[in-house]
Structures are given as structure tokens and as C-alpha cells.
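Remarks on the overall topology
Listed here are the chains, written in short residue letters.
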Amino acid sequence: MVFDWFASERRRERGRKVRLDRKHLEPRARRFLRIYLNADETRKPEFYQAVQEASEQCRPSGSSLPPLELEDGQVAEATSSAAMQIVLERSALNKSDRNSDFVTDACATVAVAYHRAAGVYIMDKEMQELGTAAVHLLTIATSWTRLTNEGAS
């Protein structure tokens, strides 16, 4: 009985997060991914750098390594929440310039990627697919950054 209550509470919380993500993150993440896919190869590193920086900025404690006491799901959730906060703050400023939108869209993409990793979209196929695309871009960005940094050494 108690377990049923916890399970339904988790479902409600996931549903609330999905609704917020659809409202605040989905359009921005879709735009970012669409522009990325249409960009030529010389411009793609800008996207890699933007999502990599957003991801690093939003990780708990601002560290590249998560605190040991946090589980993977908690790190993903905390990172997504921090990215969502940046999106909301930047959106409230209502700057309508391309560079500001680019950075905000990168943060939205990171938030979606980490919510996908945390399992928030388990009951929403569309958001799951968007999250998978965002995770792939973040993975490419991480690999690109490592290769670039190794090449610079």
C-alpha cells in the first residue's frame, strides 16, 4: 500500500517535470538540434563547445566530477535542474539576440539530455526521442572536447 503511494507520487512528479520541460525546454532544444543538424561541419564545433560548457556549468558543485555521495540519477537530476534554472532566468531577461538565444538553447538541450538520462521521460515517447538526440549531441560534444584538448597538449 505504501509502495503504491510512493510509485504514484513518483509518476505525478515525473508528469509535472515533463509538462514543465515541454513548456520551457522542448521548443528551444528542438531549435538548437535542428540548427545543429543543418549546420555545415565547420560550424558544428560551436555547438559542441556550447553544450559542453553548459553541461560543465550546471553540474553539481561546478565540478567535472560528481560528488561521491550522489547517485547517477541524482547528478543527472541536479544538472538538469540547474540548466532549467538558467533557461528560465535567461528567458526572463527576454534578450532577443542570436547569441543569447544560442546559449539559452544550448542550456535547454543540456537540461533535456540530463532529464532523459535521469529517466524522467519514461512515459513520454516524444520527449524520450528528443532527450535521446540531446544525449547523443552531448556525447559527441564531450568526445570532441577531449580530442581537442588532447591535441592541444
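For clarity, every value in this text was computed on a predicted model and none was experimentally measured. (Residues numbered from 1 in each chain as written. Predicted model: local features only at pLDDT ≥ 70, side-chain atom pairs only at ≥ 80, totals over all residues. Heavy atoms only, no water.)

Structural notes on the overall build of the protein
A count of helices and strands for the protein gives six helices and zero strands. Burial analysis of the protein (153 residues in total) assigns 39% to the buried set. Accessible surface computed for the protein: about 9,500 Å², of which carbon and sulfur atoms make up 54%. (Helix = DSSP H or I, 4+ residues; strand = E, 2+ residues; numbered from the N terminus. Buried < 20%, exposed > 50% of the residue type's maximum accessible area, 1.4 Å probe, protein only. Areas by Shrake-Rupley, 256 points an atom, 1.4 Å probe, with all protein chains shown as cover.)

A look at the environment of Ser 81
Residue placement: Ser 81 occurs in helix H4 (residues 72-93). Judged by relative accessible area, Ser 81 falls into the partly exposed class, the value being 39%. Placed 33 residues apart in sequence, Ser 81 and Tyr 114 show a C-alpha to C-alpha distance of 8.9 Å.

Remarks on the pattern of salt bridges
Considering all chains together, one arrives at 12 salt bridges under this definition. For Glu 26, the salt bridge goes to Arg 30, with nearest N and O atoms at 3.0 Å. Pair noted here: Glu 26 and Arg 30 are both in helix H2 (residues 26-38), with a separation of four residues, about one helical turn. What emerges from the salt-bridge pattern is a single network uniting Arg 22, Glu 26, Arg 30, Asp 124 and Glu 126. (Salt bridge = Lys/Arg side-chain N within 4 Å of Asp/Glu carboxyl O.)

Things to note about the packing of helix H3 (residues 44-58) against helix H5 (residues 98-117)
The interhelical angle for the contact between H3 and H5, taken along N-to-C directions, is 65°, at an axis separation of 9 Å. Crossing hand, H3 versus H5: right-handed. Across from Glu 46, Phe 47, Ala 50, Val 51, Ala 54 and Ser 55 in H3, the residues of H5 making contact are Phe 102, Ala 106, Cys 107, Thr 109, Val 110 and Tyr 114. Residues of the contact of H3 with H5, tallied by class, amount to nine nonpolar, two polar and one charged. (Axes fitted to C-alpha atoms, helices over the stretch in contact; angles between N-to-C directions. Left-handed = near helix turned anticlockwise from the far one by under 90°. Contact = heavy atoms within 4.5 Å. Nonpolar A, V, L, I, M, F, W, Y, C, P; charged D, E, K, R; others polar.)

Concerning the packing of H4 against H5
One can describe the packing of H4 onto H5 by two numbers: an axis separation of 8 Å at closest approach and a directional angle of 155°. On the basis of their axis angle, the class for H4 and H5 is roughly antiparallel. As for the relative orientation of H4 and H5, their crossing is left-handed in sense. Seen from H4, the contacting residues are Ala 76, Glu 77, Thr 79, Ser 80, Ala 83, Met 84, Ile 86, Val 87, Arg 90 and Ser 91; seen from H5, they are Ser 100, Val 103, Thr 104, Cys 107, Ala 108, Val 110, Ala 111, Tyr 114, His 115 and Ala 117. Here the contact of H4 with H5 is composed, by residue class, of 12 nonpolar, six polar and two charged. (Parallel < 35°, antiparallel > 145°, perpendicular 65-115°, else oblique.)

Here's the deal with the confidence of the model for the protein
Of all residues in the protein, 86% have pLDDT values of 70 or greater, and the mean over the chain is 88. Mean pLDDT per element in the protein: helix H1 (residues 2-24) is the minimum at 81, and H2 is the maximum at 98. (pLDDT = per-residue confidence, 0-100.)

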